[in-house]
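Residue-level structural notes
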Amino acid sequence: MSAARLFTISTSAKALARLRNHCLDIGLPAPGCWQHQHLHRSLRDLVTSGEDFAPPDDFNATLRLTALKEPLILFCNVPPEQVQRMVKAYKQEGEWPVFAVVTKNSLEMTLAVLLEHLLQDRGVEAAAKDKRP
């Protein structure tokens, strides 16, 4: 099995710093940072490339092209216990990034297609929340 890796499309330097701190606390490697120029690449290519994926100098270009309002955090080969700890850490802070886990099916998608699916799911989730009494 490949090593555990995390990837993010972050909404700000502050959000990226928060994620890095959580990674340290949980014992995960620092996340790779995807940007708008990665949208056309398949997840398989992105997660197996071995690239560094350094943080962007400017987060705004990626945000305009992805329509993300919250950071995306993508887990690749991360043990379920560590995924749960990360989700719990954000939940305790009252934040809810877009969490996703790489699957066999998602490996064949481009990052843009994956984002489309995740944002659709987030919209459905928000609509269901709005209907609750």
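Refer to the structure presented above.
Residues numbered from 1 in each chain as written. Predicted model: local features only at pLDDT ≥ 70, side-chain atom pairs only at ≥ 80, totals over all residues. Heavy atoms only, no water.

Quick look at the packing of aromatic side chains now. Scanning all chains against the criterion turns up six aromatic pairs. On the numbers, 6.1 Å between centres and 80° between planes, the contact of phenylalanine 7 with phenylalanine 53 is edge-to-face. Of this pair, phenylalanine 7 sits in strand 1 (residues 5–9) while phenylalanine 53 sits in the loop between helix 2 (43–48) and helix 3 (60–66); the two residues are 46 residues apart in sequence, bridging distant segments of the chain. Of the two residues, phenylalanine 7 and phenylalanine 53, neither departs from the other in class, the shared state being buried. (Phe/Tyr/Trp six-rings, centres within 6.5 Å; stacked < 30°, edge-to-face > 60°. Helix = DSSP H or I, 4+ residues; strand = E, 2+ residues; numbered from the N terminus. Buried < 20%, exposed > 50% of the residue type's maximum accessible area, 1.4 Å probe, protein only.)

Another point: the state of the cysteines. All told, the structure shown has zero disulfides when counted by the stated rule. In this structure cysteine 23 is a free cysteine whose sulfur lies 10.0 Å from that of cysteine 33, the closest cysteine sulfur available. Taking the relative accessible area as the measure of exposure, cysteine 23 reaches 1% and is therefore buried. (Disulfide = S-S within 2.5 Å.)

Formed by 21 residues in total, the largest nonpolar core has its most connected members in Trp34, Leu72, Leu74 and Leu111. For this core, the secondary-structure elements that each account for two or more residues are strand 1, helix 2, strand 3 (72–76), strand 4 (98–101) and helix 6 (111–131). When residues in this core are grouped by element, the largest group, four residues, is from helix 6. Aside from chain neighbours lying at most four places away, what touches leucine 72 is Phe7, Thr8, Ile9, Val98, Ala100, Leu111, Leu115 and Leu118. (Core = buried A, V, L, I, M, F, W, Y, C linked by side-chain atoms within 4.5 Å. Contact = heavy atoms within 4.5 Å.)

Before going further, it helps to examine the sheet that holds strand 1. Strand order in this open sheet of four strands is 2-1-3-4, and the pairing throughout is mixed. Each edge of the open sheet carries a strand with a single partner, namely strand 2 (32–33) and strand 4. The sheet contact formed by strand 1 and strand 2 spans two bridges and is parallel. Across the sheet, residue threonine 8 finds its bridge partner in strand 2, namely cysteine 33. Of the strands in this sheet, strand 1, strand 2 and strand 3 touch helix 1 (residues 13–26), which is tilted by about 165° from strand 1. This element, helix 6, spans strand 1, strand 3 and strand 4 of the sheet and lies at about 115° to strand 3. (Pairing = 2+ DSSP bridges. Axes fitted to C-alpha atoms, helices over the stretch in contact; angles between N-to-C directions.)

This brings us to the environment of leucine 74. Along the chain, leucine 74 falls in strand 3. A C-alpha to C-alpha distance of 5.1 Å links leucine 74 and phenylalanine 7, two positions 67 residues apart in sequence. Look past the residues within four positions of leucine 74 in its chain and what remains in contact with it is Arg5, Leu6, Phe7, Trp34, Leu43, Ala100, Val101, Val102 and Leu114.

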